[in-house]
Amino acid sequence: SAVISQKPSRDICQRGTSLTIQCQVDSQVTMMFWYRQQPGQSLTLIATANQGSEATYESGFVIDKFPISRPNLTFSTLTVSNMSPEDSSIYLCSVERDADTQYFGPGTRLTVL
Amino acid sequence: QKEVEQNSGPLSVPEGAIASLNCTYSDRGSQSFFWYRQYSGKSPELIMSIYSNGDKEDGRFTAQLNKASQYVSLLIRDSQPSDSATYLCAGGGSNYKLTFGKGTLLTVNP
C-alpha cells in the first residue's frame, strides 16, 4: 500500500481565486493521478501526472484550469484556477502500486462561494 | 467510451446476511478490476483486486470475475454494521487508468 497525505484537507474559497492542493506520498512512485468527486457522484479522473513529463488530461479537463506539477517521485500539486461554485468537489490524489493498483489520499474538500 | 455500471442500490441487508454487489463493464480490454469501500466523508479504500476469471477470497469478502460476461461481483459474508458504506467498482486497462462505477450504497442493519 502507500501512505499519502494531502493539504489542505478542506478549504472555502471565493469565486475567481485559485487553490493549490498538495499530495505527498511516503515513497517513490512513477504514476500519480488526480480525481474529482462531485457531491453524491463517483470519481472522475482529471489527469495523470508522471515525473519528468507533462501531465495527461482527460476529456473535459484542460491545463489552464487544472495545472499540475510533478517535481519529483513523491510529490505533486493540482491547482484549481479561477474557481466557480461548480468546482466545489472533493479532489483526490492517488498513486499506482502493486501491479496497477491505486491507493488514494484522504482528499481535499473544496467549497467555492 | 469505457463504462462501468453498478447495481444502483441502495442495498439494505440485515446483520449476518450476505451482501451481493454487482458490476458490469463495457471495455473488453480491461484487464484488472477493483472494489473500493468509501465511508461517508472519507476517501476510497481498496478492498479487493481481481485479474483472472473465477473467485478470489479474502476473509469475509469474495470477488468474482467473469470476463466472457463482462461481469464482476463482490460478496460480503456475515455482513456487519461497519460494512455500511458505498462500494465502488473500477476497471483498469493497460494504461493504468481506472474507470469507476457510480457506486452502490450498502446499509447493514443491526
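Each value, and the rule that gives it
Residues numbered from 1 in each chain as written. Chains lettered and ligands numbered in written order. Predicted model: local features only at pLDDT ≥ 70, side-chain atom pairs only at ≥ 80, totals over all residues. Heavy atoms only, no water. Contact = heavy atoms within 4.5 Å. Buried area = accessible area lost by both parts, 1.4 Å probe. Salt bridge = Lys/Arg side-chain N within 4 Å of Asp/Glu carboxyl O. Polar contact = N/O pair within 3.5 Å; in protein donor to acceptor, adjacent residues only side chain to side chain. Helix = DSSP H or I, 4+ residues; strand = E, 2+ residues; numbered from the N terminus. Nonpolar A, V, L, I, M, F, W, Y, C, P; charged D, E, K, R; others polar. 1 Å grid on protein atoms, 1.4 Å probe; cavity = no way out; pocket = protein on both sides within 12 Å on 5 of 7 lines; lining within 4 Å. Points joined across faces, edges and corners; volume = space filled by probe spheres on them. Disulfide = S-S within 2.5 Å.

Things to note about the interface of chain A and chain B
Listed as interface residues are 21 residues of chain A and, on the opposing side, 18 residues of chain B. Counting the surface lost from both chain A and chain B, the interface buries some 1,500 Å², and carbon and sulfur atoms represent 56% of this. Interface area lost by chain A to chain B is led by Ser-42, Asp-100 and Phe-104 of chain A, which between them contribute 31%. Our count for the chain A to chain B interface comes out at one salt bridge. In this structure, the salt-bridge partner of Glu-58 of chain A is Lys-97 of chain B, at a minimum N-O distance of 2.7 Å. Linking chain A to chain B there are six residue pairs in polar contact (both at pLDDT 80 or more). Of all elements in the fold, only strand S4 (31–37), strand S5 (43–50), strand S9 (89–97) and strand S10 (101–104) of chain A reach the threshold of two or more residues within the side of chain A that touches chain B. Within the side of chain A that touches chain B, the residues separate by chemical class into ten nonpolar, six polar and five charged.

Quick notes on the layout of surface pockets
Looking at the largest pocket, its volume works out to about 830 Å³. Lining the largest pocket we find 27 residues, and of these Leu-43 and Thr-44 of chain A together with Lys-2, Thr-99 and Phe-100 of chain B sit closest to its centre. The set of elements that each furnish at least two residues to the lining of the largest pocket consists of S4 and S5 of chain A together with strand S1 (4–6) and strand S10 (98–100) of chain B. In terms of residue class, the lining of the largest pocket is made up of seven nonpolar, 13 polar and seven charged. In this structure, the second largest pocket spans a volume of roughly 430 Å³. Every residue lining the second largest pocket is counted, 25 residues in all, and those nearest its centre are Gln-37, Pro-39, Gly-40 and Gln-41 of chain A together with Gln-38 of chain B. Among the secondary structure elements, those contributing two or more residues to the lining of the second largest pocket are S9 and strand S11 (108–112) of chain A together with strand S9 (85–92) and strand S11 (104–109) of chain B. Looking at the lining of the second largest pocket, its residues break down into seven nonpolar, 15 polar and three charged.

Notes on the side chain of Thr-79 of chain A
Residues and elements named next belong to chain A. Mapped onto the secondary structure, Thr-79 falls in strand S8 (residues 75–80). Separated by 2.8 Å, the side chains of Thr-79 and Thr-20 make a polar contact. Setting aside residues no more than four positions away along its own chain, Thr-79 makes contact with Ser-18, Leu-19, Thr-20, Lys-65, Phe-66 and Pro-67.

A word on the environment of Val-95 of chain A
Residues and elements named next belong to chain A. Mapping Val-95 onto the fold places it in strand S9. Along the sequence, Val-95 and Thr-20 sit 75 residues apart, while their C-alpha atoms lie 18 Å from each other. Residues in contact with Val-95, not counting those within four places in the same chain, are Ala-2, Ile-4, Val-25, Val-29, Met-31, Met-32, Thr-101, Gln-102 and Tyr-103.

Things to note about the state of the cysteines
Residue and element names in this part refer to chain A. Per the stated rule, a full pass over the model turns up two disulfides over all chains. Between the sulfur of Cys-23 and that of Cys-93 lies a disulfide, 2.0 Å long from S to S. Of note, the bridge from Cys-23 to Cys-93 carries an S-S torsion of about 70° and is right-handed in sense. Of the two residues, Cys-23 is situated in strand S3 (residues 19–25) and Cys-93 in strand S9; the sequence distance between them amounts to 70 residues.

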